[in-house]
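# Results of the structural survey
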Amino acid sequence: MRKLDIKIGYRCNNFCLHCVQGDKRKKFPKRPIRDVLRELAIARHECDAVVFTGGEPTLHPNFLSFVKFAKRLNYAEIQIQTNGRMFSSVDFTEKCIKAGANHFAPSLHGHNSDLHDFLTHSPGSFAQVCQGIRNIRKYTKNIISNTVISRFNYRYLPEIVKLLVGLRVDQIQLAYVHITGTALKNKDTIPEKKSIIMPYVKKAIRLGKASGKRMCTEAIPYCFMAGYEKYIAEAFIPPTKMVEQSFTVDKYEEFRVTKGKSKGPHCKDCIYFVKCEGPWREYPLIFGWDEFKPVQKKLK
Ligand code: SF4
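The present account deals with the structure reproduced in this document. Quick caveat, the model's predicted, so the values are computed rather than measured.

### Side note on the packing of helix α3 (residues 63-72) against helix α4 (residues 90-99)
Two elements in contact, α3 and α4, have axes separated by 8 Å at closest approach and are oriented at 25°. As far as their axial angle goes, α4 and α3 are roughly parallel. Along its contact with α3, which presents F63, L64, V67, K68 and K71, the element α4 presents F92, K95, C96, K98 and A99. Considered class by class, the residues forming the contact of α3 with α4 number six nonpolar, no polar and four charged.

Listed below in structure tokens is the structure:
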């Protein structure tokens, strides 16, 4: 299923310390209506799924009419990538479901309000996203949560997964922070070395699996994932057309690899060299390549 990823404005009511969009909210607070409708109609010729993203897409004043239009165009999957706060309103959740949204991707970065609200820089955001997930869950089980892994929360990944299990999400994604935008400004405090976070990532995966959840990781290469390779999301992310406000990427899956990720000096000796995308290219600029040990073929 080919997917359209459309950013409908970068305005957001969170101010995450790990945000990849940085200052774009000042330049592009909301996208013109006609522009969004046109992109939805054009992409429908090649895409069966659409994900509304941003910024926080639910804050666009015409958000619900965009969802309705996507439904009218008969997109099979209409996903909302969200910080989840607007869904703390039952009324808004009902309107969104009625408009046609059928998949939801809320973000949760902490197991309690102290941690989550600190990372989002937004008091009350933890209580709202938790309530939002509960409200959505009354209508659908298609909820894929996203947790951005940073130096502040990696030790609590197992607790975050326990909370998400309790909130009855369907799938849990743990994504290593992409060190760009605001995360780049906070590069001295936000990212942690992958070799340090991995025991917690693996424990979190085991906990989620034991509770029957679908688990996946993003931006963590194979050389860190021994025994957990099947959870690497890049292997099954669908081909995507990405429509940013100022440019379009027709084949994001290629762009991600050629412009976004990079390989190290020893990667060519690794059995995953072809399959692996490598880390986001900003990571080795900060931490170097020493942690990346090429995976060797097992001798029989
Ligand atoms: S190709 Fe490089 S980054 Fe990918 S798994 Fe192998 S050593 Fe790690």
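Next, the rest of the story.
### With respect to the sheet that holds strand β3 (residues 77-82)
Ordered by their spatial adjacency, six strands build an open sheet running β4-β3-β2-β1-β8-β9, and the pairing between neighbours is mixed. Edge strands, defined here as strands with exactly one partner in the open sheet, are β4 (103-106) and β9 (248-249).

### A short note on the sheet that holds strand β7 (residues 214-218)
If you trace the three strands from one edge of the open sheet to the other, you get β5-β6-β7, paired in parallel fashion. For this open sheet the edge positions go to β5 (144-149) and β7, each flanked by a neighbour on one side alone. Taking the axes of each pair of neighbouring strands and ignoring which way they run, one obtains an average angle of 20° across the sheet. Two elements, β5 and strand β6 (residues 171-176), share six bridges in a ladder whose sense is parallel.

Cut-offs used in this document
Residues numbered from 1 in each chain as written. Predicted model: local features only at pLDDT ≥ 70, side-chain atom pairs only at ≥ 80, totals over all residues. Heavy atoms only, no water. Axes fitted to C-alpha atoms, helices over the stretch in contact; angles between N-to-C directions. Helix = DSSP H or I, 4+ residues; strand = E, 2+ residues; numbered from the N terminus. Parallel < 35°, antiparallel > 145°, perpendicular 65-115°, else oblique. Contact = heavy atoms within 4.5 Å. Nonpolar A, V, L, I, M, F, W, Y, C, P; charged D, E, K, R; others polar. Pairing = 2+ DSSP bridges.

In short, shape yes, function no, at least from these values alone.
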